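If you want the building blocks of each chain, they are given just below.
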Amino acid sequence: MSDRMKLTSEPSGISCLKMDDAKARNVFSAQFITEFLDALDELERERRTKVLILCGLQDVFCGGAEKQALLDLCEGKAAVRDLVICERLLELPFPVIAAMEGHAIGGGLAVGFCCDIVIAARESRYGAVFMSLGFTPGMGCTVLLAELVGPFLANEMMFTGKRFRGSELEGRGTHLNYVLPRTEVLAKARDIAEQIAEKDGRSISLLKHALSLKKKKLLIDARHQEDLMHRISFSFPETRRTIQELYPE
């Protein structure tokens, strides 16, 4: 198994994928993305999974784009590959529960809203911080964040770049399934997974396909608009300077 991903599967049909790149704080390096997609491919090949729990480090669920990848976009050198993660999560033939014990920022939050059931932690922060770094939101954020938190709060999160604590989101009428103390997030995910795993796997797959259609269509629409905005906003000299100064290594 890979260094950055810890994958376990049980006879019950419950699988767990832990994003475990502690050194890089679960940032989307090229290797991280490859190993993440490889793990999903393995689950699909085995055809035993009825439900997947996706979790990260206790203090960081997922950190989003790598600094060098953003700088490459400023130079017009690379296309955004992170979007493949969102597409694959929606295409899986089983539901995914995002157990977001830790912070989820930018693309890391996008991983959460491409899951089917989302559990956040009161102590952790969740934010669409793209604009704070000088460029427009990506990874389907312009259309799918509203599915998770509602359209007006999504607008606030994107325009301001504010990182909201889970406890702040709890009272804002979001579509999050649960906002719990960090220590209770995985247990709740496990409880939901056990209820799902009792059901017939073929029917689970049919329902997952049906419920994912709306998000898939929204993601296709977002790709073109977000790519266009990225080409413009990443070309601003100020964007490169902001990323250099503010984005952690």
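Every value quoted in this text rests on a predicted model; they were computed, and no experiment measured them. (Residues numbered from 1 in each chain as written. Predicted model: local features only at pLDDT ≥ 70, side-chain atom pairs only at ≥ 80, totals over all residues. Heavy atoms only, no water.)

Draft legend 1. Seen up close, the environment of Glu 123. Among the secondary structure elements, Glu 123 is positioned in the loop between β9 (117-121) and β10 (125-127). Classification of Glu 123 as partly exposed rests on a relative accessible area of 36%. A C-alpha to C-alpha distance of 8.6 Å links Glu 123 and Leu 180, two positions 57 residues apart in sequence. Once you skip the residues sitting within four places of it in the chain, Glu 123 turns out to touch His 103, Arg 165, Leu 180, Pro 181 and Arg 182. At 2.8 Å, the side chain of Glu 123 and the backbone nitrogen of Arg 182 are in polar contact. (Helix = DSSP H or I, 4+ residues; strand = E, 2+ residues; numbered from the N terminus. Buried < 20%, exposed > 50% of the residue type's maximum accessible area, 1.4 Å probe, protein only. Contact = heavy atoms within 4.5 Å. Polar contact = N/O pair within 3.5 Å; in protein donor to acceptor, adjacent residues only side chain to side chain.)

Draft legend 2. Structural context of the nonpolar core. Phe 36, Leu 54, Leu 89 and Leu 145 are the most contacted members of the largest nonpolar core, which has 80 residues in total. Residue contributions to this core peak at seven residues, all from helix α1 (residues 30-46). Excluding residues that lie within four positions of it along the chain, Leu 54 makes contacts with Leu 17, Met 19, Phe 36, Phe 61, Leu 89, Val 96, Ile 97, Ala 98, Ala 99, Val 111 and Cys 115. (Core = buried A, V, L, I, M, F, W, Y, C linked by side-chain atoms within 4.5 Å.)

Draft legend 3. Quick look at a nonpolar patch on the surface. Together, Leu 228, Ile 232 and Phe 236 give the surface a local cluster of nonpolar side chains, amounting to about 260 Å² of exposed area. Within the element layout of this structure, Phe 236 appears in the loop between α9 (201-233) and α10 (237-246). (Patch = residues over 30% accessible without salt bridge, like charges linked within 9 Å, V, L, I, M, F, W, Y side chains within 5 Å. Areas by Shrake-Rupley, 256 points an atom, 1.4 Å probe, with all protein chains shown as cover. Salt bridge = Lys/Arg side-chain N within 4 Å of Asp/Glu carboxyl O.)

Draft legend 4. Quick peek at the environment of Leu 207. Secondary-structure assignment places Leu 207 in helix α9. For Leu 207, a relative accessible area of 49% puts it in the partly exposed group. When the C-alpha positions of Leu 207 and Leu 71 are compared, they lie 40 Å apart, and in sequence the two are 136 residues distant.

Draft legend 5. Molecular detail of the sheet that holds strand β12 (residues 178-180). Within the open sheet, the six strands sit side by side as β1-β2-β4-β7-β9-β12. Their pairing is mixed. In this open sheet, the two edge strands, each paired with only one partner strand, are β1 (5-9) and β12. The average angle at which neighbouring strand axes cross in this sheet is 15°, direction not considered. Judged from the four bridges that link them, strand β7 (residues 96-100) and β9 form a sheet pairing that is parallel. (Pairing = 2+ DSSP bridges. Axes fitted to C-alpha atoms, helices over the stretch in contact; angles between N-to-C directions.)

Draft legend 6. Highlighting the packing of aromatic side chains. Applying the stated criterion to the full structure yields four aromatic pairs. Here the aromatic rings of Phe 130 and Phe 135 are separated by 6.1 Å at their centres, their planes lie at 75°, and the arrangement is edge-to-face. Among the aromatic residues, those joined into a cluster by ring pairs are Phe 28, Phe 32 and Phe 36. For the cation-ring pair, Lys 162 lies above Phe 164, with the distance from its terminal atom to the ring centre recorded as 4.5 Å. Across from the ring centre of Tyr 178, 4.6 Å away, lies the NZ or CZ of Lys 188, which sits over that ring. (Phe/Tyr/Trp six-rings, centres within 6.5 Å; stacked < 30°, edge-to-face > 60°. Lys NZ or Arg CZ within 6 Å of the ring centre and 35° of its normal.)

Take it as geometry only, folks, not as evidence of what the structure does.
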